[in-house]
Amino acid sequence: MAGMSPLFKARVDGKDPADRTVTLIGKPGCHLCDDARVVIEKVTGELGSSVEELDITQDDELYRKYWEQIPVVLVDGEQHDFWRVDENRLRRALGAR
């Protein structure tokens, strides 16, 4: 399934949204990160998905890879969005029906 979009992959592999993990990569004091966190917490709270948050200022690799895109949202380790998070798109990526 390499190369598939996360949305298509979610539908093909049939994973339950509760078995998925959403990662927010951001930094302290970032208003876009705060906005993304609100959407992520709402969607994952309703679907039962796990959430983790990583501070880009504490990880050199994340800093090099994502600095100009924060906040960055990953679904099961694959990049889903950056800058702004669309609630409906995130629901679909998590496999909500």
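Below is a summary of the structure that appears in this document.

## Notes on the pairing of strand S3 (residues 72-75)
Residues Val72 and Leu74 line one face of S3 and the alternating positions Val73 and Val75 line the opposite face, and both faces are buried. Strand direction decides the pairing type here: strand S1 (residues 21-26) and S3, joined by four bridges, are antiparallel. When the bridges of S3 are listed, isoleucine 25 appears paired with valine 72. Across four bridges, the pairing between S3 and strand S4 (residues 78-82) is antiparallel. Paired with valine 73 across the two strands is aspartate 81, which belongs to S4. As consecutive antiparallel partners, S3 and S4 are separated by two residues, and within that stretch aspartate 76 has a phi angle of approximately 50 degrees, a positive value.

## A few points about the nonpolar core
Residues Val22, Leu24, Ala36, Val39, Ile40, Val43, Val73, Val75, Val85, Leu90, Ala93 and Leu94 constitute the largest nonpolar core, which totals twelve residues. Put simply, the parts of the chain that give this core at least two residues each are S1, helix H2 (31-47), S3 and helix H4 (87-93). Looking at which element gives the most residues to this core, the answer is H2, with four residues. Apart from residues lying up to four places away in sequence, valine 43 is in contact with Glu87, Leu90, Arg91 and Leu94.

## A look at the side chain of arginine 20
Residue position: arginine 20 is located in the loop between helix H1 (6-13) and S1. Its relative accessible area of 5% is what places arginine 20 among the buried residues. In this structure the side chain of arginine 20 is engaged in a polar contact, spanning 3.4 Å, whose partner is the backbone oxygen of leucine 94.

## A few points about the sheet that holds S1
Within the open sheet, the four strands sit side by side as S2-S1-S3-S4. Their pairing is mixed. Looking along the sheet, the strands with just one partner apiece sit at the ends: strand S2 (50-55) and S4. Adjacent strand axes in the sheet meet at a mean angle of 25 degrees, parallel and antiparallel pairs treated alike.

What counts, and at which threshold
Residues numbered from 1 in each chain as written. Predicted model: local features only at pLDDT ≥ 70, side-chain atom pairs only at ≥ 80, totals over all residues. Heavy atoms only, no water. Buried < 20%, exposed > 50% of the residue type's maximum accessible area, 1.4 Å probe, protein only. Helix = DSSP H or I, 4+ residues; strand = E, 2+ residues; numbered from the N terminus. Pairing = 2+ DSSP bridges. Core = buried A, V, L, I, M, F, W, Y, C linked by side-chain atoms within 4.5 Å. Contact = heavy atoms within 4.5 Å. Polar contact = N/O pair within 3.5 Å; in protein donor to acceptor, adjacent residues only side chain to side chain. Axes fitted to C-alpha atoms, helices over the stretch in contact; angles between N-to-C directions.

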